[in-house]
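Here are the chains, one letter per residue:
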Amino acid sequence: MDLLRNEPTNVYALIELGNLALAGGFRSAAKTAYAEAIRHHPANFTARVNLANVLRADNDSAAARLQYEAALAIDAHLHEAHQGMAWVLKDIDSDAAERHLQLGFLGRALVTKPYRGAKVGIPLLLLVCARGGNIPTDLWINDRRFTIHALYPEFNDPRVALPRHALVVNAIGDADLCAAALSRCQDVLAHSRAPVINQPMRVQATGRAEIARRFGAIPGVIAPKIDTLSPVAILQADDLQFPLLLRRPGFHTGEHFVYVANRSELPEAIDSLSAAEELLLISYLDARGADGMSRKYRVMFVDGVIYPLHLAISAHWKVHYFSSAMAQNPSYREEERRFLEDMPTALGARAMQALQRICTALDLEYAGIDFAVAADGSILLFEANATMVVFPPSAGAMWDYRRRAIDTVLEAASRMLLKRCSLQS
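Residues numbered from 1 in each chain as written. Predicted model: local features only at pLDDT ≥ 70, side-chain atom pairs only at ≥ 80, totals over all residues. Heavy atoms only, no water.

Enquirer: Mind laying out the sheet that holds strand E2 (residues 122-127), listing which residues take part and the relevant values?
Expert: Judged by pairing direction, the sheet is mixed, and its five strands sit side by side in the order E1-E3-E2-E4-E5 without closing on themselves. Of all the strands in the sheet, the pair left with one neighbour each is strand E1 (110-112) and strand E5 (196-197). Two strands pair when backbone bridges link them, and E2 and strand E3 (residues 146-151) are joined in this way by six bridges, in the parallel orientation. If you follow isoleucine 122 over to E3, its bridge partner there is phenylalanine 146. Running over the sheet, helix H8 (residues 179-189) touches E2, E3, strand E4 (167-170) and E5 and is turned about 145 degrees from E2. (Pairing = 2+ DSSP bridges. Helix = DSSP H or I, 4+ residues; strand = E, 2+ residues; numbered from the N terminus. Contact = heavy atoms within 4.5 Å. Axes fitted to C-alpha atoms, helices over the stretch in contact; angles between N-to-C directions.)

Enquirer: Residues and numbers for the sheet that holds strand E12 (residues 305-314), please.
Expert: The strand order across the open sheet formed by five strands is E6-E14-E13-E11-E12, and the pairing between neighbours is mixed. Either end of the sheet is taken by a strand with one partner, and the two such strands are strand E6 (221-222) and E12. Sitting on the sheet, helix H13 (residues 330-341) touches strand E11 (294-302) and E12, and the angle it makes with E12 is about 170 degrees. This element, helix H16 (residues 400-420), spans E11, E12 and strand E13 (366-373) of the sheet and lies at about 145 degrees to E12.

Enquirer: Residue-level account of empty space enclosed by the protein, with values.
Expert: As enumerated under the stated definition, the model contains three cavities of 30 Å³ or more in all. Taken as a whole, the second largest cavity encloses approximately 50 Å³ of empty space. Considering the residues around the second largest cavity, the lining is formed by Thr206, Gly207, Arg208, Ile211, Ala212, Pro224, Ile226, Leu381, Phe382, Glu383, Ala384 and Asn385. Elements that contribute at least two residues to the lining of the second largest cavity include exactly helix H10 (208-215) and strand E14 (379-385). Take the lining of the second largest cavity: its biggest share by element is five residues, from E14. When grouped by side-chain class, the residues that make up the lining of the second largest cavity number seven nonpolar, three polar and two charged. (1 Å grid on protein atoms, 1.4 Å probe; cavity = no way out; pocket = protein on both sides within 12 Å on 5 of 7 lines; lining within 4 Å. Points joined across faces, edges and corners; volume = space filled by probe spheres on them. Nonpolar A, V, L, I, M, F, W, Y, C, P; charged D, E, K, R; others polar.)

Enquirer: Lay out the pattern of salt bridges with the relevant residues and their values.
Expert: Two side chains with opposite charge may pair up if their charged atoms get near one another. According to the stated counting rule, one finds 28 salt bridges in the structure shown. We note a salt bridge from arginine 202 to aspartate 363, for which the minimum N-O separation is 3.4 Å. Of this pair, arginine 202 sits in helix H9 (residues 200-203) while aspartate 363 is found in the loop between helix H15 (349-362) and E13, placing the two residues 161 residues apart along the sequence. When its relative accessible area of 41% is taken as the criterion, aspartate 363 is described as partly exposed. Arginine 420 serves as the salt-bridge partner of aspartate 303, at 2.4 Å between the closest nitrogen and oxygen. Linking aspartate 303 in the loop between E11 and E12 with arginine 420 in helix H16, this pair joins segments that are 117 residues apart in sequence. Connected through shared salt-bridge partners, Arg202, Asp303, Asp363, Glu365, Lys419 and Arg420 make up one network. (Salt bridge = Lys/Arg side-chain N within 4 Å of Asp/Glu carboxyl O. Buried < 20%, exposed > 50% of the residue type's maximum accessible area, 1.4 Å probe, protein only.)

Enquirer: Lay out the side chain of arginine 298 in plain terms, naming residues and giving numbers.
Expert: Following the sequence through the fold, arginine 298 ends up in strand E11. Every residue in contact with arginine 298, bar those within four places of it in the chain, is listed here: Pro308, Leu309, His310, Phe339, Ile369, Asp370, Met388 and Val389.

Enquirer: Break down the nonpolar core for me, citing the residues and quoting the values.
Expert: Core analysis: the largest hydrophobic core is formed by 92 residues, its most contacted members being Trp140, Phe301 and Leu355. Looking at this core element by element, the count peaks at nine residues for H16. Look past the residues within four positions of phenylalanine 301 in its chain and what remains in contact with it is Ile306, Leu355, Ile358, Cys359, Leu362, Glu365, Tyr366, Ala367, Gly368 and Ile369. Among the nonpolar cores identified, the runner-up in size contains 28 residues, and Leu4, Val54, Ala64 and Leu78 belong to it. (Core = buried A, V, L, I, M, F, W, Y, C linked by side-chain atoms within 4.5 Å.)

Enquirer: Break down H13 for me, with residues and values.
Expert: Across its 12 residues, H13 extends 16 Å between first and last C-alpha, which sits within 8% of the 16 Å expected from 1.5 Å per residue. Where H13 is concerned, the buried positions are Tyr332, Arg333, Glu335, Glu336, Phe339 and Leu340. One face of H13 carries all of its buried residues, which in axial projection span an arc of 155 degrees. Exposed side of H13, more than 90 degrees from the buried face: Pro330 and Glu341 are the residues found there. Tucked into the core, H13 has its buried residues touching E11, E12, helix H14 (343-347) and H16. (Expected span 1.5 Å × (residues − 1). Arc of directions from axis to C-beta.)

Enquirer: Outline the packing of helix H6 (residues 79-89) against helix H7 (residues 94-105), supporting the account with residue identities and numerical values.
Expert: To characterise two packed helices, one gives the angle between the axes of the helices and the distance between these axes. Between H6 and H7, the least distance of the axes is 7 Å, while the angle of their chain directions is 155 degrees. When the axis of H6 is compared with that of H7, the two are roughly antiparallel. Crossing hand, H6 versus H7: left-handed. From H6, His79, His82, Gln83, Met85, Ala86 and Leu89 reach across to H7, where they touch Ser94, Ala96, Ala97, His100, Leu101, Leu103, Gly104 and Phe105. By residue class, the composition of the contact of H6 with H7 is eight nonpolar, six polar and no charged. (Parallel < 35°, antiparallel > 145°, perpendicular 65-115°, else oblique. Left-handed = near helix turned anticlockwise from the far one by under 90°.)

Enquirer: Provide a residue-level description of the packing of aromatic side chains, including the pertinent values.
Expert: One pass over the full model with this rule turns up 10 aromatic pairs. Here the aromatic rings of tyrosine 297 and phenylalanine 371 are separated by 5.4 Å at their centres, their planes lie at 15 degrees, and the arrangement is stacked. Of this pair, tyrosine 297 sits in strand E11 while phenylalanine 371 sits in strand E13, placing them 74 residues apart in sequence. When its relative accessible area of 8% is taken as the criterion, tyrosine 297 is described as buried. Residue class for phenylalanine 371 comes out buried when judged on its relative accessible area of 0%. (Phe/Tyr/Trp six-rings, centres within 6.5 Å; stacked < 30°, edge-to-face > 60°.)

Enquirer: Which residues make up the packing of helix H5 (residues 61-74) against H6, and what values do they have?
Expert: Two elements in contact, H5 and H6, have axes whose closest approach is 9 Å; the angle formed by their N-to-C orientations is 150 degrees. For the pair H5 and H6, the crossing hand works out as left-handed. On the side of H5, the interface is formed by Ser61, Ala64, Arg65, Tyr68, Glu69, Ala71 and Leu72, while H6 contributes Glu80, Ala81, His82, Gly84, Met85, Trp87, Val88 and Leu89. Partitioning the contact of H5 with H6 into residue classes produces nine nonpolar, three polar and three charged.

If you want it as structure tokens, here you go:
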């Protein structure tokens with residue numbers, strides 16, 4: 001800050017200010033600092049890639065693409081920009097995305113992240129997929145406690161020794177999207193003796209269709225029927241039950257996920273899913289309560305313990321917290337508060353027993369489940385896997401009732417890491 005007072009356009013200071021803001025969770029301030037660096041130094045590719053990465057995290061793919069392209073115009077061999085381009089093109093041009101992926105990651109399978117601690121960090125090997133589908137870990141793997149070596153198994157050269165590490169965390173969570181990466185993890189782990197969080201073989205068994213099939217047999221669980229079919233096969237099927245849901249595998253937060261009320265809507269619905277080779281055909285589970293509103297609970301499983309995370313209530317069938325009616329309705333927030341403070345009473349014995357069985361069956365150290373509760377107390381299963389995101393609550397006293405539950409989950413995950421380490425800090 002002292003440097004910027006004397007030299008307001010110093011590109012290095014502006015970039016570092018953006019980095020510090022981003023590390024502290026101030027995304028808007030980070031974008032402002034990077035944009036200011038670009039305004040005064042348009043040929044600085046670092047500022048452009050950093051800004052693009054924040055825009056990418058905000059799902060602003062069009063704006064991110066402009067910055068990645070500008071960075072590559074400055075340096076055509078910039079691997080970070082190629083990695084970003086692979087992401088922005090994945091739904092637009094899969095062949096081009098794959099080319100950028102190869103240019104971005106070949107020879108760069110291992111990235112050691114900046115360590116910000118005062119003492120020597122505990123070395124941690126983080127397995128991540130270059131194609132996405134990873135568990136967000138920034139909130140519970142502390143870069144002031146751990147030295148994080150991120151490894152992309154798809155591009156790993158087995159002849160290169162792994163960095164020294166006390167623990168392996170498999171952050172690859174999407175079994176539908178990351179099958180190849182999860183398989184390659186076994187080759188990596190063959191060269192490690194460290195404890196592993198979320199064994200890749202167990203994650204491989206958590207694809208949406210397989211989870212519905214497995215957990216539908218658990219007492220107290222109502223799971224949808226899920227088939228993986230080509231668009232042509234879906235159009236030709238004569239035994240479809242409407243309404244139904246269609247979804248592209250490998251996507252979350254409601255992307256490429258549509259409700260189809262009747263057969264006449266089917267062709268348009270399929271066309272809207274970006275010419276996918278295969279789709280998930282999902283039977284519709286009605287999650288509406290007596291008030292006509294749909295509810296979706298999220299519960300986390302950390303080291304074998306069940307923790308409530310949130311309840312979202314919406315008039316729409318596709319329920320997400322960010323698009324729900326929670327901010328507008330105090331009675332919904334009160335209902336969520338009761339769930340967070342006394343989950344067994346809010347859900348009932350039948351649902352709690354089902355959750356415990358699911359937690360045991362998943363056999364993952366870090367995972368979660370989205371569900372509703374049926375009239376008979378059974379769980380209506382939406383999904384259960386390792387990719388569940390823990391969102392910190394927004395600022396403002398209105399959300400104070402949520403903070404303790406979220407902090408409890410993050411603290412439990414952090415404790416789990418230290419407990420499993422073969423080296424102690």
